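# Reading the structure
So the chains spell out like this:
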Amino acid sequence: MKRVLCFCCIILMLIVFTAYSKKQDYMEDFPDNINTTTLLWYKHPADRWENALPVGNGRLGAMVFGRTDEEKIQFNEETYWTGGPYNQTVKGGYKYLPEIQKLIFDGKYIKAHKMFGRYLMGYPVEQMKYQSFGDLIIRFSNKGEVKNYLHRLDLDKAIVTTSYEQNGVNYKREVFVTPVDQVIVVRITADKPGSISFVANLRGYRNQAHSNYATDYFRMDGYGNDGLILRGKSADYLGIKGRIRYQGRLKAIPEGGSMKVDDTDLIIKNANTVTMYIAAATNFVNYKSVSADPNQRVEAVLKNIEGKSFEEIKRVHIIEHQKLFKRVSIDFGSTKDSFLPTDERLRKFNGSNDPNLAGLCFQFGRYLLISSSRPGTQPANLQGIWNKYMNPNWDSKYTTNINAEMNYWPAEVCNLSECTEPLFRLIKEVTDQGSDVSREHYGARGWVLHQNTDIWRVAAPMDGPDWGTFTTGGAWLCTHLWEHYLYTMDKEFLKEFYPIMKGNVEFFLDFLVEHPVYGWLVTNPSTSPENFPDRPGNDRFYDEVCGWMSPGTTICAGSTIDMQILSDLFGYVAKATDILGIDQEFKKKVLTTREKLAPMQIGKNGNLQEWLEDWGQKEKSHRHISNLYGLFPGNQISVKRTPKLAEACKVVLNQRGLRGNGWSSAWKMACWARLYNPYRAMENFIYYVHNYCLNSLFSLCSNYIQVDGTFGVTSAIAEMLLQSHENELYLLPAVPDSWRNGEVKGLCARGGFEVSMKWKNGKLISSEILSKSGSLCRIRVDCPVNVFYKNNVVKVKIIDEKVIEFDTEKNGIYKIVAVSR
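To start, this report covers the structure provided alongside it.

Between two aromatic rings, the relevant description is the distance of the centres plus the angle of the planes. According to the stated counting rule, one finds 43 aromatic pairs in the structure shown. Ring centres of tryptophan 476 and tyrosine 629 lie 5.4 Å apart, and the angle between their planes is 85 degrees; on these two criteria the pair is classed as edge-to-face. With tryptophan 476 in helix α12 (residues 473-488) and tyrosine 629 in the loop between β25 (616-617) and α16 (643-656), this pair connects stretches of sequence that are 153 residues apart. For the pair tryptophan 476 and tyrosine 629, one class covers both residues: buried. Seen from their ring centres, phenylalanine 806 and tyrosine 814 are 5.6 Å apart, and the 45 degrees between their planes marks the pair as tilted. Look at phenylalanine 806 and you get buried, because its relative accessible area is 2%. By relative accessible area, which is 3% here, tyrosine 814 ends up buried.

What follows is the structure in structure tokens.
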């Protein structure tokens, strides 16, 4: 009898253990032992699209809600835009430029505004819109109470997982977008056979807001006995014919149970496991051609995965993602609050209670860049690649008066240099129409880009004169080309892109004009992005271009940001001529012109002036801090080199305050980091978290989702840890008290260096520096250090008490160790 009881106990224990093990497979022992810098997790589904969790492979993006009754996975394909190839250039506009410039110099800004609107604006005045592709809807048959619910995004694996218990069954869904096999993957499993039943639909989007957009359409059908298909056409917009054709196709592979297709429904009953693959494509080839066949593209993708198991597709997806993501790790320390669900972490954050929330935001930005910008894809737009709207705010395009640039601020420093390729290809492509605009609108050589472009790479002024007079959008983008060279020391890259940088400089050599009062060379017309100066006569008027009562006009001559960007670009091009051993006569012209550019000035209130004149601004806490470009991301203002200008920047930052939007907070964080003030940088981060950061960690701009603030915060955090813009590696320049102990691995620095650091009580313990190019290494650190290479002490040159330098070998790894006092 005892043996029987013992045997029964063993059997019972095995059953309990097996059930517990299965549950552990689904619940994964949350929240213990999680990485608080790489996991977003929640105890509830997304309450709205903005809080859904993003996955993407650069070309395809999806937002996962995590619902248990009717799941929604909204998805995008990066080339589905309104319209088709078009050109905004207006011929002969240059004939009116001298009169517009004279009006501006005479102080007749509103008259100049109106004339610019009539003769120099591009046509159509607006540009095309990025579109939503479709939704996968999964209506589950199960009813009943849901227990042990978890919804999470693993940044390290780029997989969204939703798990829960219902009616005694543990369910798990995994969603990812593989960059290898180019499909959206949805995997549904249960720990009891025959437990999965649902009806799935593949639904399209239609623009319902405006009747004149009704030239778009979509058609939903079943496909064979195991799939669904969605086909459609883009909308005509602004008189531009909708020429995009698209196709999305779903293929389902159940294990067990039954499957059938009934009209637009895919019906699964009593399956053990179901895997669904979504392929999507358009006919877009490039900004000039829409000649591809989306059906052939989808067929090729689905044929490629035939015979591949889910496990293999998932395995290679993770490997490919981690090639980029695992280059950098970060740890500021975890507390009990760090192990709370992500939305609770955000609510409780006070700057010191959860140091690794900053680490999570940092890594989320890196994850989004990997997911929205890979070699061969389109660049990340205002919303990355995630957009559910047919009329998205600001068209979800490429805004080049801060936003597109900020998207790529973290790329180099955060060891994602490859992710810049789509941006650099955009710069190449936009020179095509940029040359037309330069010639026809300004009578100039070279090429120009204003404050926006779209997938068709138009380049003319758009929106209205208040925005369209920003002629330095292309110049700002060109600074990213130089930064890429500085981080990689890739001379072949510089040789390839030098003609593009030179072409933009040629435009400004023709466009710059001498100011009749000050004698400086200035841009005219000009604007300081979106900020209306408070100056005499800048009154409200009805703008015939925009059809609204304008608060005034932003038009001016020689805005500070214009002069700063051009000073940087001219200097970079001059250095490039020396590195490449070419164009010395051109270099002389460039440097001579640079010396004549209007200088930065300090106003009567101690502020760095935003305009040539010491004007105020109509909006007190304006979101743009354009005049601080020279502090960050530029390199003209320095606490050490230009202390008075640095103080003037502080005045501007204090005047602007904390309000703005997500990207504004990020920019202010980075500026305070450059001013070596970690406390004010952290103050802006706290404000960002509580005002402009969604539960999904996407940033907000005027209550709408954007990715620029997310990327900007990542960049700002990196700037607080490592700076390299002053020909030295400054280790830990702006570390707040709440990050007093920490470690970071894999950051990159100008000069071709990769840097890892450990610190305690705000002081460096050790650092490891990989020299990728064999450059001279100069280090600034706030404590004495020794340098070792292959366990041998390296002879260093002491520059001052905090700065040393030493020669390096290419691919050599150097150990920096703090000396105990």
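Here the focus is the sheet that holds strand β31 (residues 753-760). What links the strands of a sheet is backbone hydrogen bonding, and the strands pair in either a parallel or an antiparallel sense. Read across the sheet, seven strands follow the order β17-β30-β31-β32-β38-β34-β35 without closing on themselves; strand pairing throughout is antiparallel. Of all the strands in the sheet, the pair left with one neighbour each is β17 (329-331) and β35 (792-793). Pairing between strand β32 (residues 763-771) and strand β38 (residues 812-818): six bridges, direction antiparallel. Across the sheet, residue serine 771 finds its bridge partner in β38, namely glycine 812.

With respect to topology, nine strands assemble into an open sheet ordered β1-β6-β7-β8-β9-β16-β13-β12-β11, the strand pairing being antiparallel. Sheet topology places β1 (39-42) and β11 (217-223) at the edges, where each strand pairs with a single neighbour. Within this sheet the neighbouring strands show an average axis-to-axis angle of 15 degrees, counted without direction. Taken together, the seven bridges between strand β12 (residues 227-233) and strand β13 (residues 245-255) define a ladder with antiparallel strand orientation. Within β13, the position partnered with isoleucine 229 by the bridge is arginine 249.

Two numbers describe how α12 lies on helix α14 (residues 560-580): the axes approach to 9 Å, and their chain directions differ by 40 degrees. By the angle between their axes, α12 is oblique relative to α14. Considering how the two elements wind past one another, α12 and α14 form a crossing that is left-handed. Two secondary-structure elements touch here, α12 through Ala475, Trp476, Cys478, Thr479, Trp482, Glu483 and Tyr485 and α14 through Ile561, Ile565, Leu566, Leu569, Tyr572, Lys575, Ala576 and Ile579.

Across all of its chains, the model carries four cavities of 30 Å³ or more by this definition. Its volume calculated, the largest cavity comes out at about 290 Å³. Around the largest cavity, the lining is made up of 20 residues, and of these Trp409, His480, Glu483, Pro633 and Arg750 lie nearest the centre. Elements that contribute at least two residues to the lining of the largest cavity include exactly α9 (409-413), α12 and α19 (708-721). Per-element tally for the lining of the largest cavity: the top contributor is α12, with six residues. Partitioned by chemical class, the residues of the lining of the largest cavity number ten nonpolar, five polar and five charged.

Moving on to the pairing of strand β16 (residues 273-282). For β16, the buried fraction is high: ten of the ten residues fall into the buried class. Burial along β16 is two-sided: the face carrying Thr273, Thr275, Tyr277, Ala279 and Ala281 and the face carrying Val274, Met276, Ile278, Ala280 and Thr282 are both buried. For strand β9 (residues 184-190) and β16, the ladder comprises six bridges, and the chain directions are antiparallel. Counterpart to isoleucine 184 in the pairing with β16 is isoleucine 278. Here ten bridges tie β13 to β16, and the two strands are oriented antiparallel to one another. Opposite lysine 251, over in β16, you have tyrosine 277 as the bridge partner.

The rules behind the values
- Residues numbered from 1 in each chain as written.
- Predicted model: local features only at pLDDT ≥ 70, side-chain atom pairs only at ≥ 80, totals over all residues.
- Heavy atoms only, no water.
- Phe/Tyr/Trp six-rings, centres within 6.5 Å; stacked < 30°, edge-to-face > 60°.
- Helix = DSSP H or I, 4+ residues; strand = E, 2+ residues; numbered from the N terminus.
- Buried < 20%, exposed > 50% of the residue type's maximum accessible area, 1.4 Å probe, protein only.
- Pairing = 2+ DSSP bridges.
- Axes fitted to C-alpha atoms, helices over the stretch in contact; angles between N-to-C directions.
- Parallel < 35°, antiparallel > 145°, perpendicular 65-115°, else oblique.
- Left-handed = near helix turned anticlockwise from the far one by under 90°.
- Contact = heavy atoms within 4.5 Å.
- 1 Å grid on protein atoms, 1.4 Å probe; cavity = no way out; pocket = protein on both sides within 12 Å on 5 of 7 lines; lining within 4 Å.
- Points joined across faces, edges and corners; volume = space filled by probe spheres on them.
- Nonpolar A, V, L, I, M, F, W, Y, C, P; charged D, E, K, R; others polar.

From the geometry alone we can't say anything about function, so treat these as descriptive.
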